[in-house]
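Topology and contacts: notes
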Amino acid sequence: MARILITSGPTRQYLDPVRYLTNASSGRMGAALTKAAIDAGHDVVVVSGPVSVEYPAAATVIPVVTTDEMLAAAVEAFNSCDGAIGAAAPCDYMPRLVSSQKIAKTGEPLRLELIETADVVATLGQRKRDDQWVVGFALETEDRRFRATVKLESKHCDLMVSNGPQAIDSNQNDVELLDARGNVIAAIHGDKDFVADELVRHISEQLTHRAAKPQPAEKPQSPENK
């Protein structure tokens, strides 16, 4: 069986010591994927942003807060994994400048200059060895399949899961699983536990064979050793 890295939950990018940018990701999909992968016999390492959900006790969980922390932890953990599933929703932007003190209200508009954060899944996709694989998630509000296909290529993923904003902080999900050519190989709808079971099954069929290492053949014994 494989050793799988799963990223899960949101990240936070602080504006000052008490305020931050984030999103409504709950970590439920990541937790469901972790359970499904463990139930399928895999070892799982979870790199998780701040969430209230609990991960299975059998998983190794690495808590992080910011996108940079998630990136660093995921890159390090991926070195000893056969594959990765990027189910997290890292914050895509961070302020160019972070105030060391709480920003006071002045009655005037507050202008923020935001810059992009690092792309965790794309980094893993660029770094993967020939015997490793990466599955990404693409949450889009429009042109879901097209945008997922673009991300599939640009992030160097082997499979891409396409879903919509209805999945955020919900027990339900409605996804399409795309192969490396952008073909839909599965359309799955239901509660996140069911969706996770089906995704892990398809991922196992499509990708985890890469983790199987051929065993060296036994050397024939010489007559005097028989």
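Predicted model, so just to flag it, every value in this text is computed and none were measured.

**Some words on the overall build of the protein**
Scanning the protein from terminus to terminus reveals five helices and twelve strands. Taking the principal axes of its C-alpha atoms as reference, the protein extends roughly 90 × 40 × 30 Å. Considering the protein as a whole, with its 226 residues, one finds that 45% of them fall into the buried category. For the protein, long-range pairs separated by at least 24 residues make up 63% of all intrachain contacts whose partners lie at least 6 apart in sequence.

**A few points about the pattern of salt bridges**
Across all of its chains, the model carries eleven salt bridges by this definition. Linking Arg147 and Glu142 is a salt bridge whose minimum nitrogen-to-oxygen distance equals 3.3 Å. The partner of Glu176 in a salt bridge is Arg145, and the shortest N-O contact between them spans 2.6 Å. Of this pair, Glu176 sits in strand E11 (residues 172-178) while Arg145 sits in helix H4 (residues 144-154), and the two are 31 residues apart along the sequence.

**A look at helix H3 (residues 120-127)**
Working note: α-helix, 3.6 residues per turn, so residues spaced by three or four point in the same direction. Judged by how many residues are buried, H3 sits mostly within the fold: six of eight residues are covered. What H3 keeps buried is the set Val120, Val121, Ala122, Thr123, Leu124 and Gly125. On its buried face, H3 is in contact with strand E1 (3-8), helix H2 (67-78), strand E6 (83-86) and strand E9 (133-139). Between a side-chain oxygen at the N-terminus of H3 and the backbone nitrogen of Val121 the separation is 3.3 Å; the capping residue is Asp119.

**Focus on the pairing of strand E4 (residues 43-48)**
The buried fraction of E4 is high, at five of six residues. Sheet topology note: the E1/E4 ladder contains six bridges and is parallel. Counterpart to Ile4 in the pairing with E4 is Val44. Judged from the four bridges that link them, E4 and strand E5 (residues 60-63) form a sheet pairing that is parallel. Directly across from Val46, in E5, lies its bridge partner Val61.

**Comments concerning the sheet that holds E1**
Strand order in this open sheet of eight strands is E5-E4-E1-E6-E9-E10-E11-E12, and the pairing throughout is mixed. The open sheet has two edge strands, E5 and strand E12 (184-191), and neither has a second partner. Taking each pair of neighbouring strands and ignoring which way they run, the sheet shows an average axis angle of 15°. Where strand E10 (residues 159-163) and E11 come together, three bridges link them in antiparallel fashion. Within E11, the residue paired with Ser162 across the bridge is Glu176. Its contacts with the sheet put H4 on E9, E10, E11 and E12, and the angle it makes with E10 is roughly 150°. Contacts between helix H5 (residues 192-206) and the sheet are confined to E6, E9, E10, E11 and E12, with E12 contributing the most and set at about 155° to the helix.

Parameters and conventions
Residues numbered from 1 in each chain as written. Predicted model: local features only at pLDDT ≥ 70, side-chain atom pairs only at ≥ 80, totals over all residues. Heavy atoms only, no water. Helix = DSSP H or I, 4+ residues; strand = E, 2+ residues; numbered from the N terminus. Buried < 20%, exposed > 50% of the residue type's maximum accessible area, 1.4 Å probe, protein only. Contact = heavy atoms within 4.5 Å. Salt bridge = Lys/Arg side-chain N within 4 Å of Asp/Glu carboxyl O. Polar contact = N/O pair within 3.5 Å; in protein donor to acceptor, adjacent residues only side chain to side chain. Pairing = 2+ DSSP bridges. Axes fitted to C-alpha atoms, helices over the stretch in contact; angles between N-to-C directions.

Keep in mind these values describe shape, not function.
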